[in-house]
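Single-letter residue listing:
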Number of protein chains: 2
Amino acid sequence: MFGFEVLHKDAATHARRGVLHTPHGDVPTPVFMPVGTAGAVKAMPGEALEALGARIILANTYHLFLRPGHERIERLGGLHRFMAWRGALLTDSGGYQVFSHRDLCRIREEGVEFRSHIDGSRNFISPETAMDIQRSLGSDIAMVFDDCTPYPCSFADAEASMERSMRWAARCRRRWDAAGDRSRGLFGIVQGGVYPELRARSAQALAAIGFSGTAVGGLSVGEPKELMGSIVESTLPLLPWDRPRYLMGVGTPEDIVRAVAMGVDMFDCVLPTRNARNGCLFTSQGRVLIKNAAYAEDQGPLDPACSCSTCRRFSRAYLRHLFLAGEHLSAFYNTVHNLSFYLDMMRKIRESIELDNFCNWLNQIGIERR
Amino acid sequence: MFGFEVLHKDAATHARRGVLHTPHGDVPTPVFMPVGTAGAVKAMPGEALEALGARIILANTYHLFLRPGHERIERLGGLHRFMAWRGALLTDSGGYQVFSHRDLCRIREEGVEFRSHIDGSRNFISPETAMDIQRSLGSDIAMVFDDCTPYPCSFADAEASMERSMRWAARCRRRWDAAGDRSRGLFGIVQGGVYPELRARSAQALAAIGFSGTAVGGLSVGEPKELMGSIVESTLPLLPWDRPRYLMGVGTPEDIVRAVAMGVDMFDCVLPTRNARNGCLFTSQGRVLIKNAAYAEDQGPLDPACSCSTCRRFSRAYLRHLFLAGEHLSAFYNTVHNLSFYLDMMRKIRESIELDNFCNWLNQIGIERR
């Protein structure tokens, strides 16, 4: 049975140290989930992910629905088996991707019609089919199908969009419950744009329906950073305390640390993997753009404080060379490092909460540098 | 000190089981050398190469000369250290690449002027600078700078080209010896196009100069397979028996097995790595084009007879999906398998020579299928 426990609450902030119980193992929180869009974390072999201690990753329903198809994956034994991933899997509902091209989709109360970004074919996803798809994939945590409100957006439009999301959330809940499987979790998603009042109403509606966890969605879509921070800060206290809280699509190391202090338990973001492929690397000394000429003959490791296989083995000069030569291995070695950086950071965050010194650690690490 | 020993001669063919002694370890022969063009075997992490038991790889002087530059690599401690490779390294001389765009180069007796394929800059390589570059890289085996005769080519042109290569070989020998380092090997390269008489004169000239090993070059450049086979067959007996013989740029599994039977000890080819990236996979049951619809729901491993990490972990259906989705991991998992196939094949070849049943094995494996 899916579950969550808060093991320890930080003394000085709202940060919590917890654990998610899933059919594919326990996941310590706060946790960062690497993004495996198409059934593979880009440029990161599963074995390397395991070696870094990743216990949960995210997969994108939208991409897998279009290719290779959820029914095919179900016939092949489900997504865990398909991609040979032993840990837990969270699937988004596809809503975010469907709505990310508003011009390519038609929203009705029933659901959304959209065109495939691969072959232009017409497709339809409703709250009910989104549940069926995620059940076929066999994810440990499914997300409700929501209308992801764009930014900017008027109050009236954000309100209509949020209310549709809440009606859809109730339909998702009914469809999910009809299958009678309580071993997997279903999370609601708070919408409401940048309007605290709408966010509060959304949180209330979700709590009334009842979910295994609550996500805050529709952020990191172009709004100013401060606005995102204040929305998270005002929304978090309204979410059930005994359920995991997940801030979707966030973010930079700085964003994550701040959100943990507000009481967020789960994160996902393409930043470490995408930046790795673009040669932007996270280090204890700040971000490194590996193509810079300054690294041409730099024999030092990418991050002297890091013990990942990339930092143990290669110099900045070599990583720069691989990037400039367009070698596949550049993406691989860089991704190993960036994910190692993120997962290491989460490990340190968890330890510091356990030791009641998250606040001190926060001040010490100076992640704002550069 | 660089050296070579023939440990065992097959009873029924010219195949030999030997060992190369290099400053970076012993290398059992016959050996296939994965190609690490730009200081990295494409899509193949060094750790994975080591795990497959690779003891020697090839690096391309031409590419490293242009980017990042041999002098930079020397300042960074040499190529082994730069790419964190503990095994042996063979560097080609750059000749093949320089001449592969004949329209972009001007050949003089002194050397070759050519334009960079990266930035169009003018460059010059002579037999002497080719030796200096390879010394800077610190390779365990260097190759003479030769004029790689194209195909087709008239007898007169092939003769002039071969004779130039032999004069250059003598200059390479002198330059190499001037440095007084006998720990590394220098190989001569037989040229002469498709003319056995020219090949014989070339082999004789190289033997007179004296090299640590002999390569057969200028093949696999477009000539019919049978012609390649007959040239190798007639040339091999003319090469010093107690020195390693290296067939450059060859080839398919079938080509390699046949050449081993003729007495070749060393091979290199981009085929396993390039084909891997193109989704063409070598298996015990023949070649598999992984994009084929037949594999869409194939739950079996790529090659049931293979124990590589790709075959242990993933289905053909998943490998097909990764290829079609354009995932980086497709290149990685496919390359692991193809190199595993090649290195495994070489291991079996060596074992069968030791057991005097290379001939039987040759008949059994049926590598001609498909």
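Look up a bit, the structure's there.
To start, this report covers the structure provided alongside it. (Residues numbered from 1 in each chain as written. Chains lettered and ligands numbered in written order. Predicted model: local features only at pLDDT ≥ 70, side-chain atom pairs only at ≥ 80, totals over all residues.)

Residue and element names in this part refer to chain B. With respect to the helices and strands, M162 occurs in helix α7 (residues 155-178). For M162, a count of 24 C-beta atoms within 10 Å translates into the label buried. For the pair M162 and D26, spaced 136 residues apart in the sequence, the C-alpha separation amounts to 32 Å. Discounting chain neighbours no more than four positions away, the residues touching M162 are T149, Q191, G192, L198 and S202. (Helix = DSSP H or I, 4+ residues; strand = E, 2+ residues; numbered from the N terminus. Buried ≥ 20, exposed ≤ 12 C-beta atoms within 10 Å, placed from the backbone. Contact = placed C-beta atoms within 7 Å.)

Before going further, it helps to spend a moment on the relation of the copies chain B and chain A. Mapping chain B onto chain A is achieved by rotating through 180 degrees and translating by 0.0 Å along the same axis, at an RMSD of 0.0 Å. What we have between these two chains is a two-fold relation. Taking the C-alpha atom as reference, chain B places H328 of chain B closest to the rotation axis, 3.6 Å from it. Both copies present the same face, since 100% of the interface residues in chain B are matched by interface residues at the equivalent positions in chain A. (Least-squares fit on C-alpha atoms with pLDDT ≥ 70 in both.)

Attention now moves to the sheet that holds strand β2 (residues 16-22) of chain A. Residues and elements named next belong to chain A. Taken together, 3 strands build an open sheet; the order of strands is β1-β2-β3 and the sheet is antiparallel. For this open sheet the edge positions go to β1 (3-9) and β3 (25-29), each flanked by a neighbour on one side alone. Pairwise comparison of adjacent strand axes, ignoring direction, gives a mean angle of 20 degrees for this sheet. Summarising the sheet, β1 and β2 pair through 6 bridges and their orientation is antiparallel. In the sheet register, G3 faces β2, and the bridge partner there is H21. Most of the contacts of helix α14 (residues 328-354) go to β2, to which it runs at about 120 degrees, and overall it touches β1, β2 and β3. (Pairing = 2+ DSSP bridges. Axes fitted to C-alpha atoms, helices over the stretch in contact; angles between N-to-C directions.)

Residue and element names in this part refer to chain B. With parallel pairing, 9 strands are arranged side by side in an open sheet as β4-β15-β14-β13-β12-β11-β7-β6-β5. The open sheet is flanked by β4 (31-33) and β5 (35-36), the only strands paired with a single partner. The pairing of strand β12 (residues 185-190) with strand β13 (residues 213-216) spans 4 bridges and is parallel. Each bridged residue has a counterpart across the sheet, and for I189 the counterpart in β13 is A215. Lying on the sheet, helix α8 (residues 196-209) is in contact with β12 and β13; it crosses β12 at an angle near 160 degrees.

Quick look at the pairing of strand β16 (residues 280-283) of chain B now. All names here are of chain B. Where β16 meets strand β17 (residues 286-289), 4 bridges bridge the pair, whose relative direction is antiparallel. By the bridge assignment for β17, F282 is matched with R287. Connecting β16 to the next strand, β17, in antiparallel fashion are 2 residues.

Let us now look at unusual backbone geometry. Between Y151 of chain A and P152 of chain A the backbone carries a cis peptide bond, its omega angle lying at -5 degrees. Following the sequence through the fold, P152 of chain A ends up in the loop between β11 (141-143) and α7 (155-178). For the bond from V250 of chain B to G251 of chain B, the omega torsion is 0 degrees, close enough to zero to count as cis. Along the chain, the position of G251 of chain B falls in the loop between β14 (245-247) and α10 (253-261). Notably, S220 of chain A is not glycine yet its phi reads approximately 60 degrees, a positive angle. If you trace the backbone, S220 of chain A turns up in the loop between β13 (213-216) and α9 (225-235). The exposure class of S220 of chain A is partly exposed, given the 19 C-beta atoms found within 10 Å. One non-glycine residue, A43 of chain B, adopts positive backbone phi at about 60 degrees. Structurally, A43 of chain B is set in the loop between β5 and α1 (46-51).

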